[in-house]
Amino acid sequence: MTSGEIIAHFLLAAALGGLIGMERQVGRADRSHDFAGLRTFALYSVWGAGAAYLGDRFTSVAFAAAAAAFGGLIVVEYWLAGRRGETGTTTEAAAFAAFVAGVLVWSGEEVAATALAVGVAAVLQSKAWVHGLVGRFSDEDMRAVLRFGVLTAVILPLVPDRRMGPFAAINPREIWLMVVLVAGIGLAGYVTLRLLGPRGLAPTGLIGGLVSSTAVTLGFSRMSRRVPTATSALAAGVVAASGLMYVRVLIETFVVEPEVGRLLVMPLVVLFCAVEGIALVMWWRSGHAEADQPLDVRNPVTLTAALQFGVLYGAVVLVAAALVDRVSEASLSAVAAISGINDVDAITLATANLVREGKVSAVSAAQAVLAAATVNTLVKAALSAFLGGRRFRLQVLAVLGPAAAATALAWMLV
């Protein structure tokens with residue numbers, strides 16, 4: 001390596017460390033001392049590059065000695081900061097990242113070093129935003145994330161991966177994979193809902209549809225009686241959540257068995273666009289009205305809910321396999337219609353999985369999904385009719401009634 005290349009490496013290391021140090025210096029501008037600013041962090045990265053240089057030029061012992069000396073410096077600074085009454089290790093962690101960036105530069109990993117420096121600076125700069133974001137979540141929300149982690153990282157590896165039961169229809173691992181899939185979709189929708197907040201009833205209903213369109217229908221129907229001035233916005237929220245069901249079902253079919261998804265693309269996309277278009281018009285006409293009370297949707301990730309879905313999914317798989325084995329594929333639509341009273345996801349995933357295993361045709365599975373969607377839409381229309389106010393009831397039925405009829409028509413034409 002020439003002298004020019006060595007100098008270039010040290011200059012790049014200094015620039016990347018200086019980037020991190022600039023953020024720290026700006027962030028500490030209101031304090032009585034300015035330890036670890038642009039110059040200091042530039043030297044930290046140069047120190048890292050220098051340590052790597054010594055390791056290459058001499059031995060790994062030289063690198064270890066230089067790294068240990070840097071670690072000692074950081075420990076001393078942490079001790080001094082504690083004596084000054086400062087808490088936290090953010091600056092010390094950033095210093096270590098700057099050192100590593102310098103090592104990466106000398107090792108020829110300039111792209112990785114740059115990504116590290118920019119990423120660290122971005123994380124440091126986002127302090128206020130991150131604190132505000134975290135403030136929107138509760139302990140229960142954190143427990144829900146951990147529950148999802150347990151479902152995925154702890155329970156899933158322990159579930160046996162083999163066929164069992166009547167007709168060899170039950171595979172516990174596949175059932176639990178479906179539980180994880182639906183729980184993940186629900187958690188993503190819930191987190192999005194928490195971030196959005198009650199800024200508008202229709203957008204809230206739309207995001208809530210990722211969690212459960214039935215839950216949105218229940219909550220908004222009851223609210224329509226308590227807040228009659230927001231009836232149109234509440235109705236728009238229910239319609240938006242119901243329309244999102246079509247996309248959720250389509251995604252699930254493509255994930256499990258794309259052949260079924262391709263049969264459903266045309267009818268479900270048309271239904272989604274039509275229903276969401278009407279919801280958008282309803283929202284616009286409502287004057288973007290907002291209710292004082294936020295949507296009360298409980299966090300979807302609970303062990304009870306996961307077990308309930310797993311049992312339902314397993315039952316649907318077993319019944320579908322039994323009907324196909326003893327009767328015909330046509331019985332799938334009857335099973336799907338019954339399942340659609342409570343849930344569309346279970347029958348969607350179960351039938352798509354049966355197609356993947358070669359037990360039923362893609363057409364029969366697509367018809368089953370549409371049958372479940374038809375019944376589920378009718379159930380939401382009924383909930384709106386029985387629980388909602390008169391004007392709310394009329395607005396929702398005017399959309400969900402034709403939507404159910406169109407879905408039934410698609411069932412006949414697939």
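Predicted model only: the values in this text are computed from it and were never measured.

*Asks:* Requested: an account of the overall build of the protein, with residues and values cited.
*Replies:* Assigned secondary structure in the protein consists of 16 helices and zero strands. Here the protein holds 414 residues, and 45% of them are scored as buried. For the protein, contacts bridging at least 24 residues in sequence account for 74% of all contacts bridging at least 6. Summed over its atoms, the accessible surface of the protein is roughly 20,100 Å², and 67% of this surface lies on carbon and sulfur atoms.

*Asks:* Describe in detail the side chain of E257, supporting the description with residues and values.
*Replies:* When you line up the elements, E257 lands in the loop between α10 (231-256) and α11 (258-285). Although E257 lies buried, it forms no salt bridge, and the closest oppositely charged side chain, R262, sits 5.3 Å away as judged by the N-O distance.

*Asks:* Quick one: what's the story with the environment of A51, residue by residue and with numbers?
*Replies:* Within the secondary structure, A51 is located in helix α2 (residues 38-57). The class for A51 is buried, based on a relative accessible area of 1%. Put simply, A51 and A64 are 13 residues apart on the chain and 7.9 Å apart in space, counted from C-alpha to C-alpha. Each residue touching A51, except ones within four places of it in the same chain, is listed here: F63, A66 and F99.

*Asks:* Go over the nonpolar core, please, and point to the residues and values.
*Replies:* Y246, V260, L264 and L268 are the most contacted members of the largest nonpolar core, which has 48 residues in total. When residues of this core are traced back to their parent elements, those giving at least two are α9 (201-226), α10, α11, α13 (331-339), α14 (345-356), α15 (362-387) and α16 (390-413). The element that contributes the greatest number of residues to this core is α10, accounting for 11 residues. Not counting chain neighbours up to four residues away, the residues in contact with Y246 comprise L268, L271, F272, V275, T377, A403 and T407. Within the second largest apolar cluster, 23 residues are counted, among which are Y44, A52, F99 and V105.

The rules behind these values
Residues numbered from 1 in each chain as written. Predicted model: local features only at pLDDT ≥ 70, side-chain atom pairs only at ≥ 80, totals over all residues. Heavy atoms only, no water. Helix = DSSP H or I, 4+ residues; strand = E, 2+ residues; numbered from the N terminus. Buried < 20%, exposed > 50% of the residue type's maximum accessible area, 1.4 Å probe, protein only. Contact = heavy atoms within 4.5 Å. Areas by Shrake-Rupley, 256 points an atom, 1.4 Å probe, with all protein chains shown as cover. Lys, Arg positive; Asp, Glu negative; His and termini not counted. Salt bridge = Lys/Arg side-chain N within 4 Å of Asp/Glu carboxyl O. Core = buried A, V, L, I, M, F, W, Y, C linked by side-chain atoms within 4.5 Å.

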